[in-house]
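# Summary of the model geometry
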Amino acid sequence: GFHFCVILFCSRKIRDTQCGFKLFTRKAAETLFSNLHLEKWAFDIEIIYLCERLKFPMCEVNINWQEVPGSKLITKKLDIITTSMCMLRDMMLVK
């Protein structure tokens, strides 16, 4: 579901847009963040979209992730639904 929407609206290059670290050169950070419009959950997707559009190089590097109890921001099913709807709306706004 979500990954299909990312491919459809934003990027085919990056598989996991939400997890992991994002590192930038000073030039890339200044350019990307001055052009960023989204402020909530989908800002990562807009950054990836802008990187592609502005020809900043990107690569995806696997990391070992350990979930820490209590680190989730969303804990209720209703929150998952409303957040997902907001992210979908934001993805459509990116283009």
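Located above this text is the structure these notes cover.
Residues numbered from 1 in each chain as written. Predicted model: local features only at pLDDT ≥ 70, side-chain atom pairs only at ≥ 80, totals over all residues. Heavy atoms only, no water.

### Re the overall build of the chain
Threshold: Helix and strand assignments come from DSSP, with helices taken as H or I runs of at least 4 residues and strands as E runs of at least 2, each series counted from the N terminus. Buried residues are those whose accessible area, probed at 1.4 Å on protein chains only, stays under 20% of the maximum for their type, while exposed residues exceed 50% and partly exposed ones sit between those limits. Whether two residues touch is decided by their heavy atoms; if any such pair falls within 4.5 Å, the residues are in contact. Note on areas: Shrake-Rupley with a 1.4 Å probe; residue coverage comes only from the protein chains shown.
Helix and strand counts for the chain come out as four helices and zero strands. Each helix and strand of the chain, placed in order from N terminus to C terminus, yields the pattern α-α-α-α. Buried residues in the chain amount to 26% of all 95 residues. Restricting the contact set of the chain to residue pairs at least 6 apart, pairs at least 24 apart contribute 65%. Put simply, the chain shows about 7600 Å² of open surface, and 59% of that area lies on carbon and sulfur atoms.

### Remarks on the packing of aromatic side chains
Rules: Put simply, two rings from Phe, Tyr or Trp (the six-membered ring, in Trp's case) pair if the centres are within 6.5 Å, and we call them stacked under 30 degrees between planes, edge-to-face over 60, tilted for the rest.
Taken as a whole and assessed by the stated rule, the structure comprises one aromatic pair. Judged by centre distance (5.4 Å) and plane angle (85 degrees), the ring pair of phenylalanine 24 and phenylalanine 33 falls under edge-to-face. Judged by relative accessible area, phenylalanine 33 falls into the partly exposed class, the value being 39%.

### With respect to a nonpolar patch on the surface
Rules: Two joining distances apply to patches: 9 Å for like charges and 5 Å for nonpolar side chains (Val, Leu, Ile, Met, Phe, Trp, Tyr), and every residue must have over 30% relative accessible area and no salt bridge. The rule for a salt bridge is simple: a side-chain nitrogen of Lys or Arg has to be within 4 Å of a carboxyl oxygen of Asp or Glu.
On the surface, a nonpolar cluster with roughly 550 Å² of combined accessible area is contributed by Phe21, Leu23, Ile63 and Trp65. A residue is classified by how much of its surface remains accessible, and leucine 23, at 80% relative accessible area, is exposed.

### Overview of unusual backbone geometry
At lysine 55, a residue that is not glycine, the phi angle is positive and equals roughly 65 degrees. Looking at the secondary structure, you find lysine 55 in the loop between α3 (43–53) and α4 (77–94).

### What about the pattern of salt bridges?
Side-chain pairs of opposite charge can arise whenever the charged atoms involved come near each other. Scanning all chains against the criterion turns up one salt bridge. Of the charged contacts in the structure, one is a salt bridge between lysine 22 and aspartate 44, with a shortest N-O distance of 3.4 Å. Taken together, the residues lysine 22 in the loop between α1 (2–9) and α2 (26–34) and aspartate 44 in helix α3 connect sequence positions 22 residues apart. Classification of lysine 22 by relative accessible area gives partly exposed; the value is 31%.

### Quick notes on α3
For α3, the buried fraction is high: eight of the 11 residues fall into the buried class. Along α3, the residues classified as buried are Asp44, Ile45, Glu46, Ile47, Ile48, Tyr49, Leu50 and Cys51. Positioned one or two residues after α3, lysine 55 has a phi angle of 65 degrees, which is positive.

### A word on the side chain of aspartate 44
Note on aspartate 44: relative accessible area 6%, which makes it buried. For aspartate 44, the contacting residues outside a window of four places in its chain are Thr17, Gln18 and Lys22.

The quantities given are spatial measurements derived from coordinates; they are silent on function.
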